[in-house]
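# Understanding the architecture of this molecule
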Amino acid sequence: MTRQVTLVCGPPCSGKTTWVAEHASPDDIVVDHDALARHLGSTRHHNHGPALRGQAERYVAQLLRHVATMEHGTAWVIRTAPTATHRARLAHYLRAARTVLLLPPLPELLTRARARPARRETTKAIKIWLARYTPRDGDEVITG
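Residues numbered from 1 in each chain as written. Predicted model: local features only at pLDDT ≥ 70, side-chain atom pairs only at ≥ 80, totals over all residues. Heavy atoms only, no water.

### Quick look at the pattern of salt bridges
Put simply, the test is: One side-chain nitrogen of Lys or Arg within 4 Å of one carboxyl oxygen of Asp or Glu is enough to make a salt bridge. Here a strand is any run of E in DSSP of at least two residues, a helix any run of H or I of at least four, and the numbering for each starts at the N terminus.
If you walk through the whole model with that rule in mind, you get 5 salt bridges. Residue Arg98 is joined to Glu140 by a salt bridge in which the shortest nitrogen-to-oxygen separation is 2.9 Å. In this pair, Arg98 is assigned in strand β4 (residues 98-102) and Glu140 in strand β5 (residues 140-142), connecting sequence segments 42 residues apart. A salt bridge links Arg136 to Asp139; the nearest nitrogen and oxygen atoms lie 2.9 Å apart. A cluster of three or more residues bridged by salt bridges with shared partners is formed by Arg87, Arg136 and Asp139.

### Focus: unusual backbone geometry
Counted only if it meets this: Burial classes: relative accessible area under 20% of the type maximum marks a residue as buried, over 50% as exposed, and values in between as partly exposed (1.4 Å probe, protein chains only).
Positioned with a positive phi, Cys13 is a non-glycine residue whose angle comes to about 75°. Note that Cys13 resides in the loop between β1 (3-9) and α1 (16-23). You can call Cys13 buried: its relative accessible area is 6%. At Ala81, a residue that is not glycine, the phi angle is positive and equals roughly 40°. With respect to the element layout, Ala81 can be found in the loop between β3 (73-79) and α4 (84-94). Overall, the relative accessible area of 0% leaves Ala81 in the buried class.

### What to know about the sheet that holds β4
Operational definition: Between any two strands, pairing holds if DSSP finds at least two bridges. Every axis in this analysis is a line fitted to C-alpha atoms, fitted for helices over the stretch in contact. Angles between the N-to-C directions lie between 0 and 180 degrees.
An order of β2-β3-β1-β4-β5 is seen for the 5 strands of this open sheet, with the pairing classed as parallel. Across the chains shown, the open sheet's two edge strands, defined by having one partner strand only, are β2 (29-32) and β5. In this sheet, neighbouring strand axes are inclined to one another by 20° on average, regardless of whether the strands run parallel or antiparallel. Pairing of β1 with β3 involves 7 bridges; the strand directions are parallel.

### Let's talk about the side chain of Thr6
The cut-off we apply is this: The contact definition used throughout considers only heavy atoms, calling two residues in contact when any of these lie within 4.5 Å.
Looking at the element boundaries, Thr6 is found in strand β1. Once you skip the residues sitting within four places of it in the chain, Thr6 turns out to touch Ala75, Trp76, Val77, Arg98 and Val100.

### Here's the deal with the nonpolar core
Here is the rule: Nonpolar cores were defined as sets of buried Ala, Val, Leu, Ile, Met, Phe, Trp, Tyr and Cys residues, with membership established by side-chain atoms within 4.5 Å.
Membership of the largest hydrophobic core comes to 19 residues, with the highest contact counts inside it found for Val5, Leu7, Val31, Leu64, Val67, Val77 and Leu94. Looking at this core, the elements that each hand over two or more residues are β1, α3 (50-69), β3 and α4. The contacts of Leu64, once residues within four sequence positions are left out, are Val31, Val77, Leu90, Tyr93 and Leu94. If you look at the next biggest cluster of nonpolar residues, it comprises 7 residues, including Val20, Trp76, Ile78 and Val100.

Shown next as structure tokens:
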């Protein structure tokens, strides 16, 4: 069995979870903060309350350690990671073979944000992400 780790990054509403769902197999490990928060009891799909957000992040940290040390299997790690430095460090730590950066145009991100219950908070998060974004050689950028 081989080892394949893909780091999937991008701003809120970029389609990270959807993209992974389209590419992952049922037996693959998927590290998704939002899915973990819902599993822990959040009734929201995004923008979880502080207590559940912290609890989910602790589980994410455990899963990241597992993925970083696994010798066999396939894992997909979903993180926002706007800076090149953050993506590089995370990819190195995970020994990721690929870093996919989903970067749809701003109008598309804002249209998707308007469909969410916390649209103002999501719109603000998108703009903060884009202001912090730095490109990185080696990222596989998907703009569509």
